[in-house]
Amino acid sequence: MAEIEVLGVDIKEGRVSSLKVRFKGMTPRKIDRDTALQWLAAGHALVPFAEDHGHVSRSGGLMRVEVDGELFLRGDTDPTAADSVVIGAAGH
């Protein structure tokens with residue numbers, strides 16, 4: 001299974017609309033929320049990753065969290081019906 005770096009995220013109204021991701025050594029690309037959920041289900045690791053002036057910051061991997069029968073992308077296990085992804089110290 002691949003470890004995929006999450007470099008950025010666009011969230012609108014509590015839902016991820018797209019994620020900027022990169023496989024190690026590859027060019028970054030954008031994926032949609034459904035693709036991210038599918039990759040997690042397949043066993044890939046989506047890891048928030050930030051680099052600032054040479055300092056690398058990696059958060060815990062994203063998870064598929066089910067709330068009331070619906071799946072959400074979260075960096076924690078909080079049972080809130082919203083996506084939550086934090087990239088680096090500033091977060092998103």
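Everything that follows concerns the structure shown earlier in this document.
What you see is a predicted model, and the numbers here were worked out from it, not measured in a lab.

Reading guide: rules and limits
Residues numbered from 1 in each chain as written. Predicted model: local features only at pLDDT ≥ 70, side-chain atom pairs only at ≥ 80, totals over all residues. Heavy atoms only, no water. Core = buried A, V, L, I, M, F, W, Y, C linked by side-chain atoms within 4.5 Å. Buried < 20%, exposed > 50% of the residue type's maximum accessible area, 1.4 Å probe, protein only. Helix = DSSP H or I, 4+ residues; strand = E, 2+ residues; numbered from the N terminus. Contact = heavy atoms within 4.5 Å. Pairing = 2+ DSSP bridges. Axes fitted to C-alpha atoms, helices over the stretch in contact; angles between N-to-C directions.

S.K.: Could you give me a rundown of the nonpolar core, with the residues and numbers involved?
M.R.: Counting 17 residues, the largest nonpolar core has V6, L19, V21, L46, L62 and L73 as the members making the most contacts within it. Of all elements in the fold, only β1 (3-12), β2 (15-23), α1 (33-41) and β4 (45-52) reach the threshold of two or more residues within this core. In this structure L73 touches V16, L19, R33, A36, L37, L40, M63, A82, D83, S84 and V85, once residues within four positions along its chain are discounted.

S.K.: Explain the pairing of strand β7 (residues 70-74) to me, using residue names and the numbers behind them.
M.R.: Here strand β6 (residues 63-67) runs beside β7; their pairing, made up of 5 bridges, is antiparallel. Bridge pairing in β7 links V65 to F72. The antiparallel hairpin formed by β6 and β7 contains 2 residues in its connecting segment, where D68 sits at a positive phi of about 50°.

S.K.: Just give me the short version of the sheet that holds strand β5 (residues 55-58), but keep the residues and values in it.
M.R.: With mixed pairing, 5 strands are arranged side by side in an open sheet as β3-β2-β1-β4-β5. The open sheet has two edge strands with one neighbour each: β3 (29-32) and β5. For this sheet, the mean angle separating the axes of adjacent strands, direction not counted, is 45°. Note that β1 and β2 share 8 bridges and pair antiparallel. By the bridge assignment for β2, G8 is matched with K20. On top of the sheet, α1 reaches β1, β2, β3 and β4; it is set at about 85° to β3, its chief contact.

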